[in-house]
Amino acid sequence: MKVQDFAQNLPIRLGTIQVLAFVLLTLLGIRLYHLQINRGEDYRIRAENQRIRMIPIPAPRGAIFDRNGNLLVDSRSTYNVTLTHEPGEQINPMDRVDEYSRGLAVEREFLIERINLLKTRPDYETLVLKENATLQDITWVETRTLEFPELRIQLQPQRFYPHGEMLAHVLGYVGEVSPAQLEKPEYSHLKPGDIIGKGGLEQYYDKYLRGQPGYRKVIVDSRGRVQSEIDLVPPQPGQDLYTTLDLDLQKAAEEQLAMSATKRGAIIAMDPRDGGVLAMASAPSFDPNVFVQGSATKEGRRQIAAYWQDETRPLYNRAIQGRYHPGSTWKIPESVAALRQGVVTVSSSNLACGGGITIGNKFTRCMGNHGSPPLQYAITKSCDGYYYRLGLKMGLEGLIKMVETFEYDKRTGVDLPNEVISRTPKYYREIVEKRSRGRWPDIETVFASIGQVTVDVTPISMLRAVTSVGIGGKLQVPHFMKEFKEIGAVGEKGEPNYVPAKKGFVYEAPEIPVVEMTEEQNKLVLDGMYGVVNAGGTATRISMGEEFAIAGKTGTAQVTELGKDKGKLKDHAWFVGFAPAYAPEIAVVAIIENAGFGGTHAAPAVKGVFEAYVKKYRGGGEKAEDEEPSATDKVKPEATPTPNPGANVTAPPEIDPDRPSANIIGREIPRRKKSDTSADNRGQ
């Protein structure tokens, strides 16, 4: 007989153990399924990344050259100290900031900023802690690979600007993409640490200059040390840019600004035949190398801060961002507009000077008494009295039509970022009429007729407008890009890492607007501009003779009332012109801030650029063999007409005929809290 012993409850115990074992095995199976199936790929990648590393190889940016192949910008190799972001790492870089700071001689605050930025990025990405690592830095990192495996030394290209402050505003500089930029859709393809153009051509053509990075695929040990290389994908460099710039003319423009009375202003030289910019100088300037090499050092940051705090504003490009009263240079487009609108005609263009004009109880004078001169003579002698009356005959609508004809209400289209739009009566109309109970006072038209008060233009827009007179009315689009060179493919076609070649291309001019005028109208204005330099006008001191006759216009723009026009409040000096007068090859504008008379300060600066051009391209003044006549054939200008008998045809020698009347003083400029003593860069 079989006897069962239930005293110890063995069946119950065994059943319980079996249930518990089943539950545990089930949970283990579910966990294994989750790890192997649901998260398997993730853990495989993590394990692979701990063994295999992708070390990025930055692509060198394309070089920038002038039209003759002279190097303007290049990249050179430098060693950087980088920090890697690894998931689940036992080492917290924040705990080592002090050691990094002492060993690499980098500011603690800068390191904290970099480490915090890296934490926001995906795993295994690297960020530069220090650029331009010295031999001491490299030694410190390499001898501490066991202690600091997160630090590495990488060879990377770095931008270099061999000419320093020269061309800084045109070229711009490069720097890391900012967190604010990364939030914008156009920068979504970038990551922290990526280098992009900031300002100038570097920014405008960034997508062509910036290449395609490569990488090294290597096997590392548990300490992160490279054991072997699996694959190498070389970077594809950026495309080289050949510009329309001429380095010799640029040097001449920079020298003229350096020798000017205030050393503040802008000079632009352009080929009127195609709009190619030959030189663009803005002073004071800055060294772009400071932004590239010094952002991680105390000295570099101090210099960058000094640039931003400098009241002379060295970081802003006066050539395309400065707005100035143009003074008498405004009379050239106004003359063309008056002829086009039929306010005056070629055969009947005489208007009274009268030594000035009275509007209400206000007398606004001319710096001479020119009788009743024709248009050509009024341009040559810069007769304000003539243009007061011409402006009144045109009226506000006529001035606005002129603004639209010469596109002062638009950007010129130059291939640089941050160009501002000129401000003219079209812009100020609403402000003035609101202030004057719905009407535009005649006195505002008088002031606007000589480029004051409600007229603020950029130097590049003035150069474009005045140059059109010498080339049959064509409003060329100023540009720097001449050609981008081709870059070959990387890798073999069909492979996953293949990067196709980038084709080269040349500048394609957009459709050019044309200011329609008859040959007779065009010649009349040209003759007046010719007389400014060659027939007793306001800039005879810069005449270079008939072989390279200059046509141009001086301007002296008031910025404050008489008696206060000293030092930083002196008049702005202008000159804009082209040569040869009737078949122009080069056009130049100069604005010297707070220097005084245009004929005394700006005109000689322009002559310096013309002389450099003649020396280089015309053999010191002889006519070039390949010179092609423009649409306006060179015709000897008629003698400057003699004004009415008894008229005072010349201003006193101590007075600049371009200088506006003392009665303009104290005019409040709409939306200005103080006088425009340098240039206004607020808004677009």
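One can find the structure itself at the top, above this paragraph.
Residues numbered from 1 in each chain as written. Predicted model: local features only at pLDDT ≥ 70, side-chain atom pairs only at ≥ 80, totals over all residues. Heavy atoms only, no water.

Asker: Break down the overall build of the protein for me, with residues and values.
Answerer: A count of helices and strands for the protein gives 21 helices and 19 strands. Here the contacts in the protein between residues at least 6 apart in sequence split such that 74% fall between residues at least 24 apart. (Helix = DSSP H or I, 4+ residues; strand = E, 2+ residues; numbered from the N terminus. Contact = heavy atoms within 4.5 Å.)

Asker: An account of empty space enclosed by the protein is requested, with residue identities and associated values reported.
Answerer: One water molecule sets the probe size; rolling that probe over the atoms shows where empty space is left. Summed over the entire model, instances satisfying the criterion amount to one cavity of 30 Å³ or more. Surrounding the largest cavity, Glu-165, Leu-167, Ala-168, His-169, Val-170, Glu-254, Met-280, Ala-281, Ser-282, Ser-285 and Asn-317 form its lining. Contributing elements (two or more residues each) for the lining of the largest cavity: helix 6 (168-171) and strand 12 (277-283). (1 Å grid on protein atoms, 1.4 Å probe; cavity = no way out; pocket = protein on both sides within 12 Å on 5 of 7 lines; lining within 4 Å. Points joined across faces, edges and corners; volume = space filled by probe spheres on them.)

Asker: Break down the pattern of salt bridges for me, citing the residues and quoting the values.
Answerer: Scanning the entire structure with this criterion turns up 22 salt bridges. Of the charged contacts in the structure, one is a salt bridge between Asp-98 and Arg-108, with a shortest N-O distance of 2.7 Å. Taken together, the positions of Asp-98 in helix 3 (residues 97-104) and Arg-108 in helix 4 (residues 108-119) put the pair ten residues apart, joining distant regions of the chain. Residue Lys-130 is joined to Asp-137 by a salt bridge in which the shortest nitrogen-to-oxygen separation is 2.9 Å. (Salt bridge = Lys/Arg side-chain N within 4 Å of Asp/Glu carboxyl O.)

Asker: Describe the nonpolar core, and please don't skip the residues or the numbers.
Answerer: Counting 130 residues, the largest nonpolar core has Met-280, Tyr-386, Leu-390, Phe-480, Met-529, Phe-575 and Ile-586 as its most contacted members. By residue number, the principal contributor to this core is helix 21 (residues 598-617), which donates nine residues. Not counting the four nearest positions on each side in its chain, Leu-390 is found in contact with Glu-334, Ala-338, Val-343, Val-344 and Leu-351. Of all hydrophobic cores here, the second largest spans 18 residues; its members include Phe-110, Ile-115, Ala-133 and Ile-138. (Core = buried A, V, L, I, M, F, W, Y, C linked by side-chain atoms within 4.5 Å. Buried < 20%, exposed > 50% of the residue type's maximum accessible area, 1.4 Å probe, protein only.)

Asker: Outline a nonpolar patch on the surface, supporting the account with residue identities and numerical values.
Answerer: A surface patch of nonpolar side chains, amounting to about 620 Å² of accessible area, comprises Val-19, Phe-22, Val-23, Leu-24, Leu-27 and Ile-30. Along the polypeptide, Ile-30 turns up in helix 1 (residues 10-38). Given a relative accessible area of 52%, Ile-30 falls into the exposed group. (Patch = residues over 30% accessible without salt bridge, like charges linked within 9 Å, V, L, I, M, F, W, Y side chains within 5 Å. Areas by Shrake-Rupley, 256 points an atom, 1.4 Å probe, with all protein chains shown as cover.)

Asker: Explain the packing of helix 14 (residues 331-340) against helix 16 (residues 384-405) to me, and be specific about the residues and the numbers.
Answerer: For any two helices packed against each other, one specifies the crossing angle of their axes together with the interaxial distance. Put simply, helix 14 and helix 16 touch, their axes get as near as 8 Å, and they point 80 degrees apart. One finds that helix 14 runs roughly perpendicular with respect to helix 16. Here helix 14 contributes Lys-331, Pro-333, Glu-334, Ser-335, Ala-337, Ala-338 and Arg-340 to the contact with helix 16, which in turn contributes Asp-384, Tyr-387, Leu-390, Gly-391, Met-394, Leu-399, Met-402 and Thr-405. Its residues assigned to classes, the contact of helix 14 with helix 16 comprises eight nonpolar, three polar and four charged. (Axes fitted to C-alpha atoms, helices over the stretch in contact; angles between N-to-C directions. Parallel < 35°, antiparallel > 145°, perpendicular 65-115°, else oblique. Nonpolar A, V, L, I, M, F, W, Y, C, P; charged D, E, K, R; others polar.)

Asker: Which residues make up the pairing of strand 4 (residues 126-130), and what values go with them?
Answerer: For strand 4, the tally of buried residues reaches five of five residues, placing the bulk of the element in the interior. One ladder, built from four bridges, connects strand 3 (residues 71-84) with strand 4; its direction is antiparallel. Across the sheet, the residue bridging to Thr-84 is Thr-126, located in strand 4. (Pairing = 2+ DSSP bridges.)

Asker: I'd like a description of the sheet that holds strand 19 (residues 586-592), backed by residues and values.
Answerer: Pairing in this open sheet of five strands is antiparallel, and the strands run 12-11-19-18-17 from one edge to the other. Whereas interior strands pair on both sides, the edge strands pair on one side only; in this sheet they are strand 12 and strand 17 (551-557). When strand polarity is set aside, the average angle formed by the axes of neighbouring strands in this sheet is 5 degrees. Inspection of the sheet shows strand 17 paired to strand 18 (residues 572-579) by seven bridges, in the antiparallel sense. Among the inter-strand pairings, Lys-553 is bridged to a residue of strand 18, identified as Val-576. With respect to the sheet, helix 19 (residues 459-470) is in contact with strand 11 (265-270), strand 12, strand 18 and strand 19, its orientation differing from that of strand 18 by roughly 35 degrees.

Asker: Outline the side chain of Gln-154, supporting the account with residue identities and numerical values.
Answerer: Checked against the element boundaries, Gln-154 lands in strand 5 (residues 151-160). With relative accessibility at 8%, the residue Gln-154 sits in the buried group. Of note is the side chain of Gln-154, whose polar atom sits 3.2 Å from the side chain of Gln-156. Not counting the four nearest positions on each side in its chain, Gln-154 is found in contact with Ile-55, Pro-56, Thr-78, Tyr-79, Asn-80, Thr-82 and Thr-126. (Polar contact = N/O pair within 3.5 Å; in protein donor to acceptor, adjacent residues only side chain to side chain.)

Asker: Talk me through the pairing of strand 11; I want residue IDs and the actual numbers.
Answerer: Counting buried positions along strand 11 gives six out of six residues, so the element sits mostly inside the fold. Here strand 11 shows two buried faces, one formed by Gly-265, Ile-267 and Ala-269 and the other by Ala-266, Ile-268 and Met-270. Following strand 11, the chain reverses through six residues before pairing antiparallel with strand 12; Gly-275 in that reversal takes a positive phi of roughly 85 degrees. Relative to strand 19, strand 11 runs antiparallel, the two being bridged by six bridges.

Asker: Run through the packing of aromatic side chains, naming residues and quoting values.
Answerer: This structure, assessed with the given rule, holds 22 aromatic pairs. Counting every residue linked through ring pairs, the aromatic cluster contains Tyr-204, Tyr-205, Tyr-208, Phe-484 and Phe-505. A cation over a ring is seen here: Arg-313 above Tyr-316, with NZ or CZ 4.3 Å from the ring centre. Over the face of the ring belonging to Tyr-242 we find Lys-485, whose NZ or CZ atom lies 5.1 Å from the ring centre. (Phe/Tyr/Trp six-rings, centres within 6.5 Å; stacked < 30°, edge-to-face > 60°. Lys NZ or Arg CZ within 6 Å of the ring centre and 35° of its normal.)

Asker: Requested: an account of the environment of Trp-140, with residues and values cited.
Answerer: Its location among the elements puts Trp-140 in helix 5 (residues 135-142). The spatial distance from the C-alpha of Trp-140 to the C-alpha of Tyr-100 is 10.0 Å, given a sequence separation of 40 residues. Among residues more than four places away in sequence, those in contact with Trp-140 are Glu-99, Tyr-100, Gly-103, Leu-104, Phe-148 and Leu-151.

Asker: Can you explain the packing of helix 3 against helix 5? Please cite residues and give values.
Answerer: Axis separation between helix 3 and helix 5 bottoms out at 9 Å; the angle between their running directions is 140 degrees. If you check the angle between helix 3 and helix 5, you find them oblique. Between helix 3, through Glu-99, Tyr-100, Gly-103 and Leu-104, and helix 5, the contact on the second element is made entirely by Asp-137, Trp-140 and Val-141.

Asker: Please give an account of unusual backbone geometry that cites residues and values.
Answerer: Where the residue is not glycine, phi is negative for most of them; where a peptide bond is considered, it is trans in most cases. Look at the link from Ala-283 to Pro-284: it is a cis peptide, with omega at 0 degrees. Within the secondary structure layout, Pro-284 lies in the loop between strand 12 and helix 11 (288-293). Look at the link from Ala-579 to Pro-580: it is a cis peptide, with omega at -15 degrees. Within the element layout of this structure, Pro-580 appears in the loop between strand 18 and strand 19.

Asker: Outline the side chain of Lys-553, listing residues and values.
Answerer: With respect to the helices and strands, Lys-553 occurs in strand 17. Polar side-chain contacts of Lys-553 include one of 3.0 Å to the side chain of Ser-382. Dropping the residues within four chain positions of it, Lys-553 is found in contact with Ser-328, Thr-329, Lys-331, Ile-332, Ile-379, Ser-382, Val-532, Thr-538, Trp-574, Phe-575, Val-576 and Asp-658.

Asker: I'd like to hear about the environment of Gly-200, residue by residue, with values.
Answerer: With respect to the secondary-structure elements, Gly-200 resides in helix 8 (residues 200-204). In this structure, the C-alpha to C-alpha distance between Gly-200 and Val-174, residues 26 residues apart in sequence, is 9.7 Å.

All quantities given are derived from atomic positions and should not be read as evidence of function.
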